[in-house]
There are 2 protein chains.
Amino acid sequence: MSKVLIFGHLNPDTDAIGAAIAFAELQKALDVDAEAVALGTPSEETQYALDYFGLNAPRVVTSIKEETNDVMLVDHNEFQQSVSDIRELNILSVVDHHRIANFETANPLYYRAEPVGCTSTIIYKMYQEMEAEISQAVAGMMLSAIISDTLLFKSPTCTPEDVNAAEKLAEIAAVDLESYGLELLKAGTKLSDKPAAVLLDLDAKSFPMADKTVRIAQVNTVDLQEVFDRQNELEAAMATENAEKGYDLFLLVATNILDSDSEILAVGNELTQVEAAFDTTLVNNRALLPGVVSRKKQVVPQLTAAFNR
Amino acid sequence: MSKVLIFGHLNPDTDAIGAAIAFAELQKALDVDAEAVALGTPSEETQYALDYFGLNAPRVVTSIKEETNDVMLVDHNEFQQSVSDIRELNILSVVDHHRIANFETANPLYYRAEPVGCTSTIIYKMYQEMEAEISQAVAGMMLSAIISDTLLFKSPTCTPEDVNAAEKLAEIAAVDLESYGLELLKAGTKLSDKPAAVLLDLDAKSFPMADKTVRIAQVNTVDLQEVFDRQNELEAAMATENAEKGYDLFLLVATNILDSDSEILAVGNELTQVEAAFDTTLVNNRALLPGVVSRKKQVVPQLTAAFNR
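Everything numeric in this text was worked out from a predicted model, so none of it was measured.

Draft legend 1. Local environment of the overall build of chain A. A count of helices and strands for chain A gives 12 helices and 11 strands. Within chain A, counting contacts between residues at least 6 apart in sequence, those at least 24 apart form 63% of the total. Distance between charge centres in chain A, computed from 23 positive and 48 negative side chains, equals 2 Å.

Draft legend 2. Representation of the interface of chain A and chain B within the structure. The interface of chain A with chain B comprises 21 residues on the first partner and 20 residues on the second. Interface area, chain A with chain B, both sides summed: about 1,900 Å², of which 62% is carbon and sulfur. Scanning the region where chain A abuts chain B turns up zero salt bridges. In this structure, the connection of chain A to chain B is made through four residue pairs in polar contact (both at pLDDT 80 or more). For the side of chain A that touches chain B, the element with the most residues is strand E6 (residues 110-113) of chain A, which contributes four residues. Split into classes, the residues belonging to the side of chain A that touches chain B amount to 11 nonpolar, five polar and five charged.

Draft legend 3. Representation of the domain arrangement of chain A in the model. Residue and element names in this part refer to chain A. As far as domains go, chain A holds domain 1 (4-187) and domain 2 (196-307). Taking only C-alpha atoms into account, the centre of domain 1 sits 25 Å from that of domain 2. With 16 residues of domain 1 in contact, the opposing surface of domain 2 contributes 20 residues. For the domain 1 and domain 2 pair, buried surface summed over both sides reaches about 1,700 Å², with 55% attributable to carbon and sulfur atoms. Taken as a group, Asn11, Arg99 and Leu151 account for 32% of the area that domain 1 buries against domain 2, more than any other trio of residues on that side. Taken together, domain 1 and domain 2 are joined by zero salt bridges. Put simply, domain 1 and domain 2 have seven residue pairs in polar contact (both at pLDDT 80 or more) between them. Classifying every residue of the side of domain 1 that touches domain 2 by side-chain character gives four nonpolar, eight polar and four charged.

Draft legend 4. Local environment of the sheet that holds strand E11 (residues 286-289) of chain B. All names here are of chain B. Pairing within the open sheet is mixed, and its five strands lie in the order E7-E8-E9-E10-E11. At either margin of the open sheet sits one strand with a lone partner, and together these are strand E7 (204-209) and E11. Each strand axis lies, on average, 25 degrees off the axis of its neighbour in the sheet, ignoring direction. For strand E8 (residues 212-221) and strand E9 (residues 249-256), the ladder comprises eight bridges, and the chain directions are parallel. Residue pairing across strands places Thr221 opposite Asn256, the latter belonging to E9. Helix H9 (residues 231-245) rests against E9, strand E10 (261-268) and E11 of the sheet, and its axis sits at about 50 degrees to E10.

Draft legend 5. Quick look at helix H10 (residues 271-278) of chain A. Residues and elements named next belong to chain A. The set of residues buried in H10 consists of Gln273, Val274, Ala277 and Phe278. On an axial view of H10, the arc spanned by its buried residues comes to 115 degrees, and they lie on one face. Its buried side turned inward, H10 meets strand E9 (249-256), strand E10 (261-268), strand E11 (286-289), helix H11 (295-298) and helix H12 (300-308). Downstream of H10 by one or two residues, Asp279 has phi in the positive range, about 50 degrees.

Draft legend 6. The arrangement of the pattern of salt bridges in detail. Residue and element names in this part refer to chain B. One pass over the full model with this rule turns up 38 salt bridges over all chains. Its salt-bridge partner being Glu35, residue Arg59 comes within 2.9 Å of it at the nearest N-O pair. Within this pair, whereas Arg59 is found in strand E3 (residues 59-60), its partner Glu35 is found in strand E2 (residues 34-38), the two being separated by 24 residues in sequence. Accessibility expressed as a relative area gives 35% for Arg59, which makes it partly exposed. Between Arg112 and Glu114 there is a salt bridge, with the nearest N and O atoms lying 3.0 Å from each other. Given the relative accessible area of 14%, Arg112 is considered buried.

Draft legend 7. Spotlight on the pairing of E11(A). Residues and elements named next belong to chain A. Burial along E11 is one-sided: Ala287 and Leu289 are buried, and none of Arg286 and Leu288, which face the opposite way, are. The sheet contact formed by E10 and E11 spans four bridges and is antiparallel. Of the residues in E11, the one forming a bridge with Ile264 is Ala287.

Draft legend 8. Layout of the relation of the copies chain A and chain B. Expressed as a screw transformation, the operator carrying chain A onto chain B has a rotation angle of 180 degrees and an axial translation of 0.0 Å, and the superposed copies differ by an RMSD of 0.0 Å. Taken together, the turn and the small shift mark the pair as related by a two-fold rotation axis. Rotation axis and chain A: the residue whose C-alpha lies nearest the axis is A:Arg112, separated from it by 2.4 Å.

Draft legend 9. Just the pairing of strand E1 (residues 4-7) of chain B, in detail. Residue and element names in this part refer to chain B. Side chains Val4 and Ile6 project from E1 onto one buried face, and the interleaved Leu5 and Phe7 project onto a second face that is buried too. Relative to E2, E1 runs parallel, the two sharing three bridges. If you follow Val4 over to E2, its bridge partner there is Ala34.

Draft legend 10. Local environment of helix H3 (residues 119-129) of chain A. Residue and element names in this part refer to chain A. Within H3, nine of the 11 residues are buried, leaving the element largely enclosed by the surrounding structure. Thr119, Ser120, Thr121, Ile122, Ile123, Tyr124, Lys125, Met126 and Tyr127 are the residues of H3 that are buried. Along its buried surface, H3 packs onto helix H1 (14-29), strand E4 (70-74), strand E5 (90-96), E6, helix H4 (136-150) and helix H5 (160-173). Positive backbone phi, approximately 50 degrees, marks Glu131, located one or two places after H3.

Draft legend 11. The arrangement of the side chain of B:Asp15 in detail. Residues and elements named next belong to chain B. Looking at the element boundaries, Asp15 is found in helix H1 (residues 14-29). For the buried Asp15, no salt bridge exists, and the shortest N-O distance to an oppositely charged side chain is 7.5 Å, to Lys296. A polar contact is formed between the side chain of Asp15 and the side chain of Ser120, at a distance of 2.9 Å. Ignoring anything within four residues of it in the chain, the contact list for Asp15 reads Ala20, Asp75, His97, Cys118, Thr119, Ser120, Ala145 and Asp149.

Draft legend 12. Highlighting the sheet that holds strand E4 (residues 70-74) of chain B. Reading across from one edge, E3(A)-E2(A)-E1(A)-E4(A)-E5(A)-E6(A)-E6(B)-E5(B)-E4(B)-E1(B)-E2(B)-E3(B) is the order of the 12 strands in this open sheet, with mixed pairing throughout. Bordering the open sheet on either side are strand E3 (59-60) of chain A together with E3 of chain B, each of which pairs with just one other strand. Sitting on the sheet, H1(A) is in contact with strand E1 (4-7), strand E2 (34-38), E4 and E5 of chain A, with an inclination near 175 degrees to E2(A). Strands in contact with helix H3 (residues 119-129) of chain B are E4, strand E5 (90-96) and strand E6 (110-113) of chain B; relative to E5(B), the strand with the most contacts, it is inclined by about 100 degrees.

Rules and cut-offs
- For every chain, the first residue of the written sequence is number 1, and numbering continues from 1 along that sequence.
- Think of it this way: whatever chain is written first is A, whatever ligand is written first is 1, and the rest follow in order.
- Side-chain atom pairs in this predicted model are given and counted only at pLDDT of 80 or more, local residue features only at pLDDT of at least 70, and totals for whole chains, interfaces and linings cover all residues.
- Water and hydrogen atoms play no part in the side-chain values, which are based on all heavy atoms of the structure.
- Where helices and strands are cited, they refer to DSSP runs of H or I of at least four residues and of E of at least two residues respectively, numbered from the N terminus.
- Residues count as neighbours in contact if any of their non-hydrogen atoms are within 4.5 Å of one another.
- When charges are counted, neither His nor the chain ends are considered; positive counts come from Lys and Arg and negative counts from Asp and Glu.
- The atom standing in for a charge is NZ when the residue is Lys, CZ when it is Arg, CG when it is Asp and CD when it is Glu.
- Buried area: the accessible area, evaluated with a 1.4 Å probe, that two parts lose upon being put together, summed over both parts.
- A pairing counts as a salt bridge when a side-chain nitrogen of Lys or Arg comes within 4 Å of a carboxyl oxygen of Asp or Glu.
- Here a polar contact is taken to be a pair of N or O atoms separated by no more than 3.5 Å, where protein atoms must pair a possible hydrogen donor with a possible acceptor and residues adjacent in sequence count only if both atoms sit in side chains.
- Here the term charged refers only to Asp, Glu, Lys and Arg, the term nonpolar to Ala, Val, Leu, Ile, Met, Phe, Trp, Tyr, Cys and Pro, and the term polar to all other amino acids, Gly among them.
- Throughout the structure description, domain borders are defined by an automatic or database domain assignment.
- By definition, two strands form a pair when at least two bridges between them are found by DSSP.
- Orientation is described by lines fitted to C-alpha atoms, with helices fitted over the stretch in contact, and by angles between N-to-C directions that extend from 0 to 180 degrees.
- Partly exposed residues are those whose accessible area sits between 20% and 50% of the maximum for their type, while under 20% is buried and over 50% is exposed, using a 1.4 Å probe and protein chains only.
- Here, the arc refers to the directions that run from the helix axis to the C-beta atoms.
- The copies were overlaid with a least-squares fit restricted to C-alpha atoms from residues scoring a pLDDT of at least 70 in each copy.

This is the structure we're talking about:
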């Protein structure tokens with residue numbers, strides 16, 4: 001088998017990078033010539049985890065076919081969230097915890113999806129099933145991914161399997177789960193020093209919904225007011241992105257990681273779909289969504305359903 | 001959770017029905033209110049296995065939403081091979097060994113695909129992982145599915161995992177693998193008493209390729225001549241199906257299970273794609289493909305590649 005590149009989604013979050021590192025280590029233990037790469041640079045949260053556990057960020061790639069044909073995807077499957085030349089590559093394996101959409105292969109493959117809170121939780125189970133050893137640094141990255149994806153277990157996407165995996169990984173990583181977890185999450189909330197366009201791209205994904213394209217960005221904060229103090233600047237940047245990239249709707253989900261609420265800001269042609277999806281009324285393009293912290297479980301399905309109505 | 005219906009693909013083969021029965025039993029052991037159903041009546045091969053192990057054929061359904069929302073798919077994922085109202089249902093789980101295409105969900109789910117020869121092999125592994133007991137009859141159906149899908153281990157799709165599962169299942173089912181296997185395969189080769197339209201529908205699947213729709217039927221035989229004695233009748237029925245169902249190409253793959261060769265018969269507008277796919281020349285719409293026995297591995301990818309060139 002030729003070299004295999006393993007990567008998570010565009011605009012990588014801590015799971016996209018942590019799961020790629022962990023799955024590449026597992027494949028290497030199976031004698032696969034694997035390398036974890038990334039479709040973007042680490043966020044400040046991810047960089048905090050990499051620094052803490054003494055790892056380098058994976059090499060950033062923008063296309064792959066010149067280098068190899070064989071790839072494995074973690075933490076995503078939708079082609080619009082993947083590498084630019086994904087349709088020309090041979091996908092050997094996918095490990096993911098998202099819905100499946102805009103994904104297809106010519107050949108049979110390994111595909112393992114489970115509706116848990118984090119891809120790294122599934123990879124932890126694979127290590128257990130194969131009785132493979134997990135190094136301290138890899139355990140630390142998987143732990144960081146679970147903390148990040150579940151907002152330290154507060155997200156409705158979190159399952160007992162995520163909690164169990166995190167507790168076991170915290171032991172191997174030799175950190176106190178609660179205190180490390182809060183420090184990690186806070187490392188991702190430094191928003192005020194970033195231009196609006198950068199902030200909107202920190203953790204943004206595109207989704208086809210009916211015949212429209214919806215861009216959904218999420219930022220974590222400990223102070224929603226700090227985000228919305230910049231509403232005019234954000235709206236202008238969102239409108240620019242809609243025009244340049246052809247998005248029909250841009251939704252910013254600002255999540256207060258302490259209160260576990262989100263406030264949304266919507267810009268585009270499909271604001272009535274937003275109101276229908278969340279049974280709310282946008283005031284000044286904004287709405288508070290109490291208890292909403294998960295894009296995957298509390299935003300994308302509701303909005304998809306509204307578009308398909 | 002409401003009632004969960006579990007089923008394989010349209011025009012069910014022995015794996016589609018055997019895997020549904022086996023996966024439903026496993027779900028019941030996990031306290032899920034599950035029922036195996038089928039998207040068609042059993043073939044003679046499948047009926048031989050059901051009779052041998054004293055099981056009733058699963059109830060046939062053509063739509064599901066009036067009965068329940070929750071389904072699990074085995075041995076397929078492509079929506080055009082599934083139940084008519086699949087897009088309106090909530091897919092909780094998929095266990096499969098095919099390529100992934102024309103499949104999407106709104107929500108995260110369990111998806112387990114492995115590039116092995118038979119879905120029942122994966123389900124056997126799941127029983128092992130969960131340390132669940134396999135009854136003699138269920139073992140017999142899983143064994144029959146593996147024999148059927150791998151042509152008694154002769155197909156290039158067959159992996160050591162399939163052989164291992166079949167050997168273990170033959171012990172539980174208390175049959176001699178070789179002699180039972182040959183009897184089972186022979187039970188599916190009684191073709192001469194069937195009208196052409198019935199024969200073409202025994203094991204047929206539709207595949208989108210580029211912007212075309214290709215219908216590929218496969219029949220097993222111990223005498224290719226017996227099939228092609230009826231070439232005129234078959235061609236007429238294939239042309240009728242193309243016209244009525246809008247297929248751009250109809251390919252019949254007649255497989256000699258003793259010699260492990262196939263002869264193909266092609267009817268439709270895309271005959272040049274067939275010649276390109278198999279690097280052959282159709283003579284009288286026919287070509288011998290030595291060593292070809294697997295639609296999934298030796299027909300569909302090659303033809304898909306030809307259409308995408």
